[in-house]
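Examination of the molecular architecture
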Amino acid sequence: RDGKIHTGYYKNWNSLSKGLKDVVNAERAKDPSRKGTGGGGNKQKGNKALKKEVAALQRKIAAIEKKRGKDDDSASGDDSSAAENQGNAGTMFGGRAEKESKKKAKKQRSG
């Protein structure tokens, strides 16, 4: 067409000669408007794999934090109030001190 090589769709692409296919492909490679076209892969598959990886890493982090115990909790900023109330669950349920006194009283009755 006007001395230019047609770079669009060829209905009979498989019947073209290797030399003509090479010329068309070379011309297609020169065309800047064709950059980035074609396929691109399955992005959903990549996202799914990344989500699985993130979930696995979050589980590992949770396991490590659980192993460390509550050392990290006291470092979060409430150092003084957390240390003061550690043995006291408040007055609503009696707290740890009441539980210990009940155990002592039970031991004295049975022993």
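Before any of the text, the structure's been laid out above.
Residues numbered from 1 in each chain as written. Predicted model: local features only at pLDDT ≥ 70, side-chain atom pairs only at ≥ 80, totals over all residues. Heavy atoms only, no water.

A separate point is the packing of aromatic side chains. Applying the stated criterion across every chain yields a total of one aromatic pair. Seen in terms of ring centroids, tyrosine 10 and tryptophan 13 are 5.9 Å apart; in terms of plane orientation they differ by 50°. Their pairing is tilted. Overall, tyrosine 10 belongs to the buried group, its relative accessible area being 17%. Judged by its relative accessible area of 24%, tryptophan 13 is partly exposed. Seen from the ring of tryptophan 13, arginine 28 lies directly overhead, with NZ or CZ sitting 5.0 Å from the centre. (Phe/Tyr/Trp six-rings, centres within 6.5 Å; stacked < 30°, edge-to-face > 60°. Buried < 20%, exposed > 50% of the residue type's maximum accessible area, 1.4 Å probe, protein only. Lys NZ or Arg CZ within 6 Å of the ring centre and 35° of its normal.)

Our next topic: the pattern of salt bridges. Opposite charge on two side chains allows them to pair when their charged atoms are near. Within this structure, the stated rule accounts for two salt bridges. Salt-bridge contacts for lysine 18 lead to aspartate 22; the nearest nitrogen and oxygen are separated by 3.4 Å. One end of the pair is lysine 18 and the other is aspartate 22, both in helix α1 (residues 18-30) and four residues apart, which spans about a single turn. Here lysine 18 falls in the exposed class, since its relative accessible area comes to 61%. The exposure class of aspartate 22 is partly exposed, given its relative accessible area of 38%. In this structure, the salt-bridge partner of glutamate 27 is lysine 30, at a minimum N-O distance of 3.9 Å. In this pair, glutamate 27 and lysine 30 both sit in helix α1, three residues apart, roughly one turn of the helix. With a relative accessible area of 62%, lysine 30 lands in the exposed category. (Salt bridge = Lys/Arg side-chain N within 4 Å of Asp/Glu carboxyl O. Helix = DSSP H or I, 4+ residues; strand = E, 2+ residues; numbered from the N terminus.)

Secondary-structure assignment places arginine 28 in helix α1. A distance of 2.5 Å separates a polar side-chain atom of arginine 28 from the backbone oxygen of glycine 8. (Polar contact = N/O pair within 3.5 Å; in protein donor to acceptor, adjacent residues only side chain to side chain.)

To continue, consider a positive patch on the surface. A surface patch of positive charge is lined by Arg96, Lys99, Lys103 and Lys107. Looking at the secondary structure, you find lysine 103 in helix α5 (residues 95-110). Taking the relative accessible area as the measure of exposure, lysine 103 reaches 54% and is therefore exposed. (Patch = residues over 30% accessible without salt bridge, like charges linked within 9 Å, V, L, I, M, F, W, Y side chains within 5 Å. Areas by Shrake-Rupley, 256 points an atom, 1.4 Å probe, with all protein chains shown as cover. Lys, Arg positive; Asp, Glu negative; His and termini not counted. Charge placed at Lys NZ, Arg CZ, Asp CG, Glu CD.)

The end-to-end C-alpha distance of α5, which contains 16 residues, comes to 23 Å, matching closely the 22 Å that a straight helix rising 1.5 Å per residue would cover. With respect to burial, α5 is a largely exposed element, only one of its 16 residues being buried. (Expected span 1.5 Å × (residues − 1).)

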